[in-house]
Amino acid sequence: MKPDPANSRLQPIASLSALGRGLLLAAAVALLAGSASALFLHALDWATETRLAKPWLLACLPLAGFAVGWAYLKLGGRSDGGNNLLIDEIHQPRQALPLRMAPLVLLATVLSHLFGASVGREGTAVQMGGALADQLARAFKLAREERPVLLMCGIAAGFGSVFGTPLAGAVFALEVLAVGRLHHAVLLPCLVAALLADRVALLWGVTHSHYAVAPFGQLSLLQLGALLLAGMLFGLTARLFARASHALAAQFKRRIAWAPLRPLLGGCVIAALAWSLGAERYLGLGLPVIQQSFEQPLPAWDFAGKLAFTVASIGSGFKGGEVTPLFFIGATLGNALAPLLQLPLDLLAAVGLVAVFAGAANTPLTCTLMAVELFGAALGVPAALGCATSYLCSGSQGIYHAQRPGAGKAVKPVPPAA
């Protein structure tokens, strides 16, 4: 039987109709996620300013930890899975994400920052974006195979709007799901969601941190080799961070059965160490120290201090995410390595900022694009070298245990063309 020419003509129209519908849904996700990120970032600024103005709030960190743990125990349900729950639902759709995931993680993160936990913000933005996107999937009764696309748009919108890096946000949604594998088919809706969410956040008055890197000219072969060495050290640091975070979280769960006691105990340890060691610089996001890492030499142990305080915060159950602390760790490690490797201080701080995250999250392409968006196109080659090397040296276990193996990190021969 010959194909009906009328049906043949309708196929492209149906495809365009599906594409248009998908982009409209991506735009709706962007509006919700961008607005949620703006609210979150404004609340986070307030929490940080309040904590710095009232240092005594650190004494209440154990109580804040108890409140966060109790809220997730009594109200959270599946929300406690965080980013990993979102990744799992994309791989194997089972049940809609609860709407309470968005306000719960927002309030828990702001509370954690207000009292001094060393946590980030990307986890909050990504979870809010995913939870809000899933409500649209439910409202529009999307098919089972369509729902993961909308969840990926939520990830892209949340990540892109919270950092002001929409290109990195779009690729992050594709790259974070599996190690060594990208889902190119959903690039366009993720890109639209990330770009529009970033614009929405800006319209709500959000401002993002900017770090300047001085022009550095063409790098010599010796300097490129030094960047490869630095990338290896960034990757090993990322590996240490991921393994320590998972190990400490597992120990807390094994030894303390009642969840609210974990962040309570963690808060006691963090507050005691911060006061006894004079280590308040390692609390919160640490944006002022990140800025300093581009401008002046810093103590060589700054990266280790932030790593320890963040592992203690995340491992004991405080909410927020790991990425901005990883920025701190990478930038200060780059600052410490720069004089040893004879590289410009601001250049290696910038590469370290993205490369440690690349290794910890197994997202080298995302982090290379992030470097270009944050620092300019000139940093593309140094960042790509640092991120790719860090990724290869960081081991198989990243900060997101729900990531699938994908193609892995082993270099394999390209099969011959058929």
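The structure we're discussing is the one just above.
The structure contained in this document is the topic of the report that follows. (Residues numbered from 1 in each chain as written. Predicted model: local features only at pLDDT ≥ 70, side-chain atom pairs only at ≥ 80, totals over all residues. Heavy atoms only, no water.)

1. Quick look at the packing of aromatic side chains
Moving on, step 1. All told, the structure shown has twelve aromatic pairs when counted by the stated rule.
Moving on, step 2. Ring geometry for phenylalanine 172 versus phenylalanine 357: centroids 6.3 Å apart, planes at 40 degrees, classification tilted. Of this pair, phenylalanine 172 sits in helix H7 (residues 166-175) while phenylalanine 357 is found in helix H14 (residues 345-361), placing the two residues 185 residues apart along the sequence. Like phenylalanine 172, the residue phenylalanine 357 is buried in the burial classification.
Moving on, step 3. Ring pairs connect the aromatic residues Phe159, Phe163, Phe172, Phe327, Phe357 and Tyr400, which therefore count as one cluster.
Moving on, step 4. Positioned above the aromatic ring of phenylalanine 328, the side-chain terminus of lysine 306 is 5.1 Å from the ring centre.
Moving on, step 5. Lying across the ring of tyrosine 72, lysine 319 places its NZ or CZ 4.5 Å from the centre. (Phe/Tyr/Trp six-rings, centres within 6.5 Å; stacked < 30°, edge-to-face > 60°. Helix = DSSP H or I, 4+ residues; strand = E, 2+ residues; numbered from the N terminus. Buried < 20%, exposed > 50% of the residue type's maximum accessible area, 1.4 Å probe, protein only. Lys NZ or Arg CZ within 6 Å of the ring centre and 35° of its normal.)

2. Regarding the layout of surface pockets
Moving on, step 1. Considered as a void within the structure, the largest pocket measures approximately 850 Å³ in volume.
Moving on, step 2. Asp80, Lys253, Ile314, Gly317 and Lys319 are the residues nearest the centre of the largest pocket, which is lined by 36 residues in total.
Moving on, step 3. Of the residues in the lining of the largest pocket, the class split is 14 nonpolar, 17 polar and five charged.
Moving on, step 4. Counting contributing residues, the lining of the largest pocket receives three or more from each of domain 1 (19-204) and domain 2 (221-394). (1 Å grid on protein atoms, 1.4 Å probe; cavity = no way out; pocket = protein on both sides within 12 Å on 5 of 7 lines; lining within 4 Å. Points joined across faces, edges and corners; volume = space filled by probe spheres on them. Nonpolar A, V, L, I, M, F, W, Y, C, P; charged D, E, K, R; others polar. Domains from an automatic or database assignment.)

3. Some remarks on empty space enclosed by the protein
Where empty space is left can be seen by rolling a probe of water-molecule size over the atoms.
Moving on, step 1. In the structure shown here, the tally under the stated rule is one cavity of 30 Å³ or more.
Moving on, step 2. What the largest cavity holds in volume is close to 40 Å³.
Moving on, step 3. Taken together, Asn83, Leu86, Ile87, Val126, Ile155, Phe172, Val176 and Tyr400 make up the full set of residues lining the largest cavity.
Moving on, step 4. If one sorts the elements of the lining of the largest cavity by residue count, helix H3 (residues 82-91) sits on top with three residues.

4. Regarding the side chain of aspartate 198
Moving on, step 1. Among the secondary structure elements, aspartate 198 is positioned in helix H8 (residues 187-203).
Moving on, step 2. Nearest to the buried, unbridged aspartate 198 among oppositely charged side chains is arginine 199, at 4.9 Å.
Moving on, step 3. Contact partners of aspartate 198, with chain neighbours within four places excluded, come to Gly160, Ser161, Gly164, Pro166 and His208. (Lys, Arg positive; Asp, Glu negative; His and termini not counted. Salt bridge = Lys/Arg side-chain N within 4 Å of Asp/Glu carboxyl O. Contact = heavy atoms within 4.5 Å.)

This is a description of form; function is not addressed.
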